[in-house]
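# Topology and contacts: notes
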Protein chains: 2
Amino acid sequence: MSSETKTDNSHLNGEERTSAFTHKMVRLEDGLSLECGEHIPLLEIAYCTYGQLAPARDNAILICHALTGDQYVAEKNPLTGKPGWWSRMVGPGKPIDTDRFFVICSNVLGGCLGTTGPTSLRAEAGAAWDSDFPQITMNDIVAAQVKLIDHLGIGRLFAVVGGSMGGMQALTWIARYSDRVFAALPIATSPYHSAQNIAFNEVSRQAIFADPDWHKGRYRDFGAIPARGLGVARMMAHITYLSEEALNRKFGRRVRQAGVTLDTFLFGEMFEVESYLRHQGSTFVRRFDANSYLTITRAMDYFDLSADFGGDLSLPFKDCRTRICVVSFSSDWLFPTSQSRVLVRALSRAGANVSFVEIESDRGHDAFLLEEPDLDRTIHGFLDGAAEHAGLKKVQN
Amino acid sequence: MSSETKTDNSHLNGEERTSAFTHKMVRLEDGLSLECGEHIPLLEIAYCTYGQLAPARDNAILICHALTGDQYVAEKNPLTGKPGWWSRMVGPGKPIDTDRFFVICSNVLGGCLGTTGPTSLRAEAGAAWDSDFPQITMNDIVAAQVKLIDHLGIGRLFAVVGGSMGGMQALTWIARYSDRVFAALPIATSPYHSAQNIAFNEVSRQAIFADPDWHKGRYRDFGAIPARGLGVARMMAHITYLSEEALNRKFGRRVRQAGVTLDTFLFGEMFEVESYLRHQGSTFVRRFDANSYLTITRAMDYFDLSADFGGDLSLPFKDCRTRICVVSFSSDWLFPTSQSRVLVRALSRAGANVSFVEIESDRGHDAFLLEEPDLDRTIHGFLDGAAEHAGLKKVQN
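Given the structure is predicted, the values throughout are model-derived calculations rather than measurements.

So, how was this worked out
- Residues numbered from 1 in each chain as written.
- Chains lettered and ligands numbered in written order.
- Predicted model: local features only at pLDDT ≥ 70, side-chain atom pairs only at ≥ 80, totals over all residues.
- Heavy atoms only, no water.
- Helix = DSSP H or I, 4+ residues; strand = E, 2+ residues; numbered from the N terminus.
- Rg over C-alpha atoms; globule rule 2.2 N^0.38 Å.
- Buried < 20%, exposed > 50% of the residue type's maximum accessible area, 1.4 Å probe, protein only.
- Contact = heavy atoms within 4.5 Å.
- Areas by Shrake-Rupley, 256 points an atom, 1.4 Å probe, with all protein chains shown as cover.
- Lys, Arg positive; Asp, Glu negative; His and termini not counted.
- Charge placed at Lys NZ, Arg CZ, Asp CG, Glu CD.
- UniProt positions renumbered as here; feature names shortened; annotations may be inferred.
- Polar contact = N/O pair within 3.5 Å; in protein donor to acceptor, adjacent residues only side chain to side chain.
- Pairing = 2+ DSSP bridges.
- Right-handed = clockwise from strand over helix to strand, strands pointing away.
- Least-squares fit on C-alpha atoms with pLDDT ≥ 70 in both.
- Buried area = accessible area lost by both parts, 1.4 Å probe.
- Salt bridge = Lys/Arg side-chain N within 4 Å of Asp/Glu carboxyl O.
- Nonpolar A, V, L, I, M, F, W, Y, C, P; charged D, E, K, R; others polar.
- Axes fitted to C-alpha atoms, helices over the stretch in contact; angles between N-to-C directions.
- Parallel < 35°, antiparallel > 145°, perpendicular 65-115°, else oblique.
- Left-handed = near helix turned anticlockwise from the far one by under 90°.
- Expected span 1.5 Å × (residues − 1).
- Domains from an automatic or database assignment.
- Phe/Tyr/Trp six-rings, centres within 6.5 Å; stacked < 30°, edge-to-face > 60°.

A few words on the overall build of chain A. In terms of regular secondary structure, chain A is built from ten helices and 16 strands. Against the 2.2 N^0.38 benchmark of 21 Å for 397 residues, chain A shows a C-alpha radius of gyration of 21 Å, consistent with a compact globule. Out of the 397 residues belonging to chain A, those deemed buried represent 63%. Partitioning the contacts of chain A with sequence separation of at least 6, the portion at a separation of at least 24 is 70%. Total accessible area on chain A stands at roughly 14400 Å², and carbon and sulfur atoms take up 49% of it. One way to put it: in chain A the 40 positive side-chain charges average out to a point 2 Å from where the 47 negative ones average out.

All names here are of chain A. In the numbering adopted here, UniProt assigns the feature "active site" (unreviewed entry) to Ser164, Asp332 and His365. What stands out for the annotated residues spanning 202 residues is how close their C-alpha atoms remain, the widest pair being 10.5 Å apart. Checked against the element boundaries, Ser164 lands in the loop between strand 11 (157-163) and helix 3 (165-176). Since its relative accessible area comes to 7%, Ser164 is described here as buried. Its place among the elements puts Asp332 in the loop between strand 15 (323-329) and helix 9 (337-349). Overall, the relative accessible area of 3% leaves Asp332 in the buried class. Leaving out residues up to four positions away in the same chain, Asp332 has contacts with Ala188, Thr337, Gly364 and His365. Reaching out from Asp332, the side chain makes a polar contact with the backbone nitrogen of Phe335 at a distance of 2.9 Å.

Residue and element names in this part refer to chain B. With six of its seven residues buried, strand 15 (residues 323-329) lies for the most part within the structure. Here strand 12 (residues 181-187) runs beside strand 15; their pairing, made up of three bridges, is parallel. Within the sheet, the bridge partner assigned to Ala184 lies in strand 15 and is Ile324. Bridge analysis of strand 15 against strand 16 (residues 353-359) gives seven bridges, and the strand direction is parallel. Residue pairing for strand 16: Ile324 is matched across the bridge by Val354. In terms of handedness, the path from strand 15 via helix 8 (residues 337-349) over to strand 16 forms a crossover that is right-handed.

The subject of this paragraph is the relation of the copies chain B and chain A. For the match of chain B to chain A, the screw axis carries a shift of 0.0 Å, the RMSD comes to 0.0 Å, and the turn is 180°. This pairing of chains is accounted for by a two-fold axis. Residue by residue, 100% of the interface of chain B is reproduced at the interface of chain A, so both copies engage with the same surface.

Moving on, we get to the interface of chain B and chain A. Contact with chain B, which involves 53 residues of that partner, is made by 53 residues of chain A. Both sides of the chain B and chain A interface together cover about 4800 Å² of buried area, and 69% of this is carbon and sulfur. For the interface between chain B and chain A, the tally reads six salt bridges. The partner of A:Glu202 in a salt bridge is B:Arg278, with the nearest N and O atoms 2.5 Å apart. Viewed at the interface, chain A and chain B are joined by 18 residue pairs in polar contact (both at pLDDT 80 or more). Counting residues per element, the ones that place at least two in the side of chain B that touches chain A are helix 3 (195-209), helix 4 (227-241), helix 5 (244-250), strand 14 (269-271), helix 6 (272-287) and helix 7 (290-302) of chain B. Partitioned by chemical class, the residues of the side of chain B that touches chain A number 29 nonpolar, eleven polar and 13 charged.

What follows deals with the sheet that holds strand 5 (residues 60-64) of chain B. All names here are of chain B. As summarised here, the arrangement of the eight strands in space is 1-4-8-5-11-12-15-16, forming an open sheet in which the pairing is mixed. Every other strand in the sheet has two partners, leaving strand 1 (24-28) and strand 16 as the edge strands with one partner each. The sheet shows a mean angle of 20° between the axes of neighbouring strands, taken without regard to direction. Across the sheet, helix 1 (residues 138-151) lies against strand 1, strand 4 (43-50), strand 5, strand 8 (102-106) and strand 11 (157-163), angled at about 65° from strand 4, the strand it touches most. Running over the sheet, helix 2 (residues 165-176) touches strand 5, strand 11, strand 12 and strand 15 and is turned about 145° from strand 11.

Residues and elements named next belong to chain B. At their nearest, the axes of helix 4 and helix 6 sit 8 Å apart, and the two run at 125° to each other. Classified by the angle between their axes, helix 4 and helix 6 sit oblique to one another. You can see that helix 4 and helix 6 cross each other, and the crossing is right-handed. When helix 4 is examined against helix 6, the residues Ala227, Leu230, Gly231, Arg234, Met235, His238 and Ile239 are found in contact with a partner set consisting of Tyr276, Leu277, Arg278, Gln280, Gly281, Phe284, Val285 and Arg287. Of the residues belonging to the contact of helix 4 with helix 6, the class tally is eight nonpolar, four polar and three charged.

As a further point, take helix 8 of chain B. Over its 13 residues, helix 8 of chain B extends 18 Å from the first C-alpha to the last, a length consistent with the 18 Å expected when each residue adds 1.5 Å. Among all positions in helix 8 of chain B, only B:Thr337, B:Gln339, B:Ser340, B:Leu343, B:Val344, B:Ala346 and B:Leu347 are buried. Lining the buried residues of helix 8 of chain B we find helix 6 (244-250) of chain A together with helix 2, helix 3, strand 15 and strand 16 of chain B.

Moving on, we come to the environment of B:Ala233. Residue and element names in this part refer to chain B. Looking at where Ala233 falls in the secondary structure, it is placed in helix 4. With 164 residues separating them in the primary sequence, Ala233 and Gly69 have C-alpha atoms 16 Å apart. Setting aside chain neighbours within four positions, we find Ala233 in contact with Ser204, Ala207, Ile208 and Tyr293.

Turning next to the domain arrangement of chain A. Accessible area lost upon the coming together of the parts serves often as the stated size of an interface. Residues and elements named next belong to chain A. By domain assignment, chain A separates into domain 1 (14-193 + 303-390) and domain 2 (197-296). Each of domain 1 and domain 2 was reduced to a C-alpha centroid, and the two centroids are 26 Å apart. Counting residues at the interface gives 34 residues for domain 1 and 28 residues for domain 2. Both sides of the domain 1 and domain 2 interface together cover about 2700 Å² of buried area, and 54% of this is carbon and sulfur. For the domain 1 face of the interface with domain 2, the top three residues by lost area are Leu67, Thr68 and Trp333, together amounting to 23%. The interface formed by domain 1 and domain 2 includes three salt bridges. Summed over the shared surface of domain 1 and domain 2, the result is 15 residue pairs in polar contact (both at pLDDT 80 or more). Of the residues belonging to the side of domain 1 that touches domain 2, the class tally is 16 nonpolar, twelve polar and six charged.

Across all of its chains, the model carries 26 aromatic pairs over all chains by this definition. Aromatic pair A:Trp85 and A:Trp86: ring centres 5.4 Å apart, planes at 15°, arrangement stacked. When the centroid spacing of 4.8 Å and the interplanar angle of 40° are considered together, the rings of A:Trp333 and B:Trp333 count as tilted. In this pair, A:Trp333 is assigned in the loop between strand 15 and helix 9 and B:Trp333 in the loop between strand 15 and helix 8, connecting two distinct chains.

Pasting the structure below:
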C-alpha cells in the first residue's frame with residue numbers, strides 16, 4: 001500500500017491532463033473479487049479526507065458521490081478548477097462539520113478520477129482496461145469502500161451520507177454492513193432503478209454507441225473520444241436533474257443571438273436553454289470517460305435491493321441497527337418522493353430506526369447539491385442527534 | 001390542381017418504399033409564403049378524408065396530427081401496415097362519427113408523407129429540398145391547412161381537433177382563423193413550448209447531428225440516413241410520451257436474455273424496457289425523415305401564442321368566437337395539466353367560450369392515443385353539443 005498522487009488521466013484533454021491531483025491513493029494488491037465472478041488483481045482507490053480522525057476512531061463520515069461526482073467534496077477540483085461539489089455542506093462549522101467529523105470521500109470503483117476503472121492500467125496487460133473493464137454492481141462499489149475503511153483502520157463509520165447514486169451506496173452499506181455504520185443519510189435516491197430511470201440511461205448509452213468515435217469502446221486506441229455521443233448523453237441526463245419549474249425560471253423561452261449555422265439557427269436565434277445544455281455536454285466530455293459512464297450507469301440500472309429477496313424490500317434491512325434519515329425533494333422527478341416512501345415503508349416493516357423528510361423545493365433532483373437551507377438543517381440536526389446517541393464528543397468552542 | 005397518389009418516399013427503406021399510398025393530393029401552384037420570408041413555389045398537400053361532406057358544407061372536422069403522426073387517421077397506414085393512428089376515435093358510430101362528419105387529416109407542412117417538406121422535390125432545382133428546406137412555424141403549418149380547406153370549398157370548419165402538436169395547430173386555428181372554426185378540441189397540448197420541452201427537442205437534434213451519416217443534412221446525397229442519431233432521438237422522445245407509472249406497469253425491472261454483445265449485456269441480460277426502446281428507435285427510422293424531424297421540432301420549439309402579444313396569452317384570443325374544450329391528462333408530464341390551465345385562464349380572460357376537462361389517467365402524454373373511455377365520452381359529448389348549437393343535422397338512424 002502506498003499513498004501517491006499520480007493517476008492515469010490520459011482520457012482527458014488539454015490543460016486538464018496536466019493538472020496535479022491532490023487526492024490520496026491506496027493501492028490494494030489483493031485486488032477485489034466482483035459479483036460477476038471476475039477478479040480485479042490490483043485495486044487502487046483515490047480519496048480525499050477532511051478533518052481529523054478522533055483517537056477513538058469513532059467520528060468518520062463516508063460521503064458517497066453521485067454518477068458523475070468525484071472525491072473532491074470540499075476543495076478545489078483540480079480538473080475543473082471549480083470548488084468541491086459539496087463545499088457548501090462540508091467544512092469547519094458547516095452542516096457536516098469537519099471540526100467534529102473526519103470526512104472521507106473516495107472516487108467510486110469504475111470511475112475515472114483515480115480509483116480503478118476503465119481508464120486504469122491493467123497490471124497484467126500493460127494497457128488500460130477500457131471496454132474490457134468488467135461489469136460492476138453497487139455491491140462491488142461499496143465493497144471497494146469497505147476495503148478503504150479497513151485500510152484506514154476504521155471499524156465502524158459514524159455515518160454514511162450520499163445523494164442520488166451516493167444514496168444507493170448509503171443504502172447498500174446499511175443493507176450489507178449495518179454493524180459498521182452508526183447512522184445513514186440516503187438523499188434524493190431510491191432502493192431500485194425504475195423502468196424510467198433505466199430507459200433514460202439506456203438512451204444515454206445508445207447515444208455513445210452511435211458516435212463513430214466510440215470504436216466499440218477502444219476509442220483510446222484510435223486517439224479518439226466519443227465526445228458527441230457522451231455530450232448528448234450528458235445533455236439528456238442534465239434535463240432529468242432539473243425540474244420543469246427550475247428550467248422555466250432559469251431560461252424560460254429566452255433566446256440569444258446565434259451564429260447562423262446549419263445546426264443552431266432558428267431565425268438566427270437559439271434558445272438559452274439550448275446553449276446551456278450544449279455547454280453542459282461539451283464541458284462534461286472533458287472531465288469524464290465514456291467507458292466509466294457506461295460501466296456506472298449499468299451498475300445503477302442493475303441496482304435493486306430487493307432483487308435477492310424475492311422482491312420484499314424489507315428483508316435486506318432485517319437486522320439493520322443503523323439510525324437512518326431518508327431525504328427527498330418534492331420536485332425531484334428522477335428519484336421522486338414516492339420511491340423514498342417505498343423505501344421508508346420497507347425500513348419501517350423491517351423495524352429499522354428511520355425518519356423521513358420530504359423537502360419542499362422546486363429545483364428538482366439537483367436540489368441536494370444546491371443552496372437548500374432545509375437540507376442543511378436536516379443534515380446538521382440528524383448528525384447532531386446521532387452523534388449524541390453515539391456518545392461522540394462535542395466540538396470544543 | 002390535381003389529385004394523385006405519387007409522392008417522393010425515397011428516404012424510406014426496403015419494402016416501405018414500394019408501398020402504394022392511398023391518400024389524396026392537392027397541388028397548389030401558387031405555393032406558400034412563409035413567416036421567415038421565403039416562398040415555397042409549389043405546395044403539395046397529402047390528405048385523407050372519411051365520411052361525406054354535407055351539401056351545406058358545414059360538417060367538416062379537421063384532425064391535426066402530432067409530431068410523428070400522419071394523415072392515415074382511420075385506415076391502414078401503407079408504410080407500417082398498422083391501423084390508422086386514431087382508428088379507435090374516428091369512424092362510423094365512433095366518438096368522431098364519420099356517419100355524421102366529414103373528417104379531413106393532412107400531412108403537415110415539413111412532413112415526409114406526401115406534403116411538401118424536406119424530402120419533396122424542389123421544382124426549380126430538380127432535386128429534393130433536404131436541409132435547404134426553410135424553417136417553418138406552426139402558423140405556416142396551419143396556413144397550408146387553410147389552403148387545403150379553401151381548395152375543398154369549405155368556408156368554415158365545424159371543428160378542429162388535435163392532440164400534442166395537433167393541439168398546437170388547433171390553437172393556432174382559433175387564434176388566427178376563429179371565424180372559420182365553430183368548435184375546437186386541443187388535447188394534451190400547450191400554448192407554448194416550455195424550456196423543458198425545448199431542452200428535450202434540442203437533445204434529439206444533437207443526437208441526429210452527432211451521427212456520422214448526418215452529413216449536415218445532405219445524407220441522401222451520400223445514400224445514407226442518420227439512423228442511429230434519429231433512433232436515439234426517438235428513444236428519448238418516447239420516454240417523454242409515457243408516464244413513470246406506465247413504464248413501471250409495462251416493463252418494471254423485468255429482464256430478458258440478450259446475446260452477450262458489447263453493447264447489450266449485463267450479466268447476459270438486458271432490461272425489457274431497453275429492448276422496447278431499441279425497437280421504437282429502429283422502426284421509427286424506417287418511416288420518418290431526419291430533416292423533417294428537425295424542421296418540425298424547431299417549429300414546435302418556436303411555438304408560443306403569446307410571443308407577438310408581449311407575453312399576454314389572452315390577446316391572441318381576443319375576438320375568438322369558437323367553442324373550445326381543452327383536455328389534459330393527469331399523468332402527462334410533457335404537456336402537463338398546469339400548461340392547459342394557463343391556456344384555459346387566458347381563454348377565459350379573453351371571454352372565450354371554453355370548457356376544460358382533466359382526465360385521470362396514469363398513461364402519460366400518449367393517453368390521447370390509447371383506450372381512454374373518458375376521452376371518448378368527452379370528445380363525443382363536446383362535438384354532439386357543439387353540433388346542436390351549430391344546427392347540424394343529426395344522423396338518420
